[in-house]
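Working through the structure, step by step
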Amino acid sequence: MTLPYIILAFVTIAGAVAAMTLRNLVHCALALALTFAGLAAFYLQLDAQFAGFAQILVYVGAVAILVVFAILLTRGSEPPQQSIFSSGWLLGTGVALAVFLVMAVVIRSSRLANVQLPAAPEATVRQIGDQLMTKYILPLELVGLLLTAALIGAVIIAMREEMK
C-alpha cells in the first residue's frame, strides 16, 4: 500500500463515518460528498478515468449538491430531539464486524482472488465522450431530461408541503 492510497482510504472512511454519525443533516450531506470524492480519487488512482470523472460529475457534482439543496429546501437541518443511536448499537457494531470478517476470510480464500486479470481495454475518456456525443446522444439527452423532471418534481413536492 502506498501513502496516497492510505490517505485516500482514511479520508473516504472518515467521510463515510461522519455521514453516518453527525447530527446535522447538512453536515452529513457534505460528508457524503467527501466520501464520493474519495471514491472518485480511488477510481482515478486505478486508471479508470471515465469512472472517476463520472463519479465526480454525477455523484459529487449532482447528487450530493441535490441532497444539500433538498435538505435546505425542506428545512431538514434541525437536529433530532431524541438520540440518533438505538439502544442496541453495540450489538449492531459487533454483528457488522463479524459479517465483515467472514466476508474477508471468504474472499481471501477464494480461488478467484488469484486469477490472472485480462489486459485492460484501451478505451480512453475521449473515445467514450465521442461515443456519448455521437452514437448515444439520444439516451444521454433523455437521462438529462429525466433528472431535470425529478428535480422539478422534488421542488414542487417541497413547496406543496410548505403551503399546508
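Residues numbered from 1 in each chain as written. Predicted model: local features only at pLDDT ≥ 70, side-chain atom pairs only at ≥ 80, totals over all residues. Heavy atoms only, no water.

Turning to the overall build of the protein, a few remarks are in order. In terms of regular secondary structure, the protein is built from 6 helices and 0 strands. In the protein, the succession of α and β elements from N to C terminus is α-α-α-α-α-α. Sorting the 164 residues of the protein into buried and exposed places 12% on the buried side. Within the protein, contacts between residues separated by at least 24 positions form 60% of all contacts whose residues are at least 6 apart in sequence. In the structure as shown, the protein presents an accessible area of about 13100 Å², 73% of it carried by carbon and sulfur atoms. (Helix = DSSP H or I, 4+ residues; strand = E, 2+ residues; numbered from the N terminus. Buried < 20%, exposed > 50% of the residue type's maximum accessible area, 1.4 Å probe, protein only. Contact = heavy atoms within 4.5 Å. Areas by Shrake-Rupley, 256 points an atom, 1.4 Å probe, with all protein chains shown as cover.)

Moving on, we come to the confidence of the model for the protein. Across the protein, the average pLDDT comes to 84, with 90% of residues at or above 70. Helix H3 (residues 49-73) is the least confidently modelled element of the protein, averaging 83 in pLDDT, while helix H1 (residues 3-21) averages 91, the highest of any element. (pLDDT = per-residue confidence, 0-100.)

Right, let's talk about the layout of surface pockets for a bit. Its volume calculated, the largest pocket comes out at about 580 Å³. Mapped onto the lining of the largest pocket, the elements with two or more residues apiece are H3, helix H5 (125-134) and helix H6 (137-163). For the lining of the largest pocket, the class distribution of residues is 16 nonpolar, 3 polar and no charged. (1 Å grid on protein atoms, 1.4 Å probe; cavity = no way out; pocket = protein on both sides within 12 Å on 5 of 7 lines; lining within 4 Å. Points joined across faces, edges and corners; volume = space filled by probe spheres on them. Nonpolar A, V, L, I, M, F, W, Y, C, P; charged D, E, K, R; others polar.)

As a further point, take the packing of H1 against helix H2 (residues 25-45). In the contact formed by H1 and H2, the axes pass within 7 Å of each other and the chain directions differ by 155°. On the basis of their axis angle, the class for H1 and H2 is roughly antiparallel. You can see that H1 and H2 cross each other, and the crossing is left-handed. Contacts between H1 and H2 involve Pro4, Tyr5, Leu8, Ala9, Val11, Thr12, Gly15, Ala16, Ala18 and Ala19 from the former and Cys28, Ala31, Leu32, Leu34, Thr35, Gly38, Leu39, Ala41, Phe42 and Gln45 from the latter. Its residues assigned to classes, the contact of H1 with H2 shows 15 nonpolar, 5 polar and no charged. (Axes fitted to C-alpha atoms, helices over the stretch in contact; angles between N-to-C directions. Parallel < 35°, antiparallel > 145°, perpendicular 65-115°, else oblique. Left-handed = near helix turned anticlockwise from the far one by under 90°.)

Counting across every chain of the model gives 2 aromatic pairs. Between Phe36 and Tyr59, the ring centres sit 5.1 Å apart and the planes meet at 50°, which makes this aromatic pair tilted. Taken together, the positions of Phe36 in helix H2 and Tyr59 in helix H3 put the pair 23 residues apart, joining distant regions of the chain. The buried category is assigned to Phe36, whose relative accessible area is 14%. Exposure remark for Tyr59: the relative accessible area of 37% places this residue in the partly exposed category. (Phe/Tyr/Trp six-rings, centres within 6.5 Å; stacked < 30°, edge-to-face > 60°.)

Position of Thr35 relative to the elements: it lies in helix H2. With residues near it in sequence (within four places) discarded, Thr35 still touches Thr12, Gly15 and Ala16.

Before going further, it helps to spend a moment on H3. With 25 residues, H3 should reach 36 Å at 1.5 Å per residue; the first-to-last C-alpha distance of 34 Å fits that figure. At Tyr59, H3 shows its strongest bend, of approximately 25°. Within the sequence span of H3, burial applies to Gly52, Gln55, Ala64, Val68 and Ile71. Looking at the buried positions of H3, the neighbouring elements they touch are H2. (Expected span 1.5 Å × (residues − 1). Bend = angle between axes of the 7 residues up to and from the residue.)

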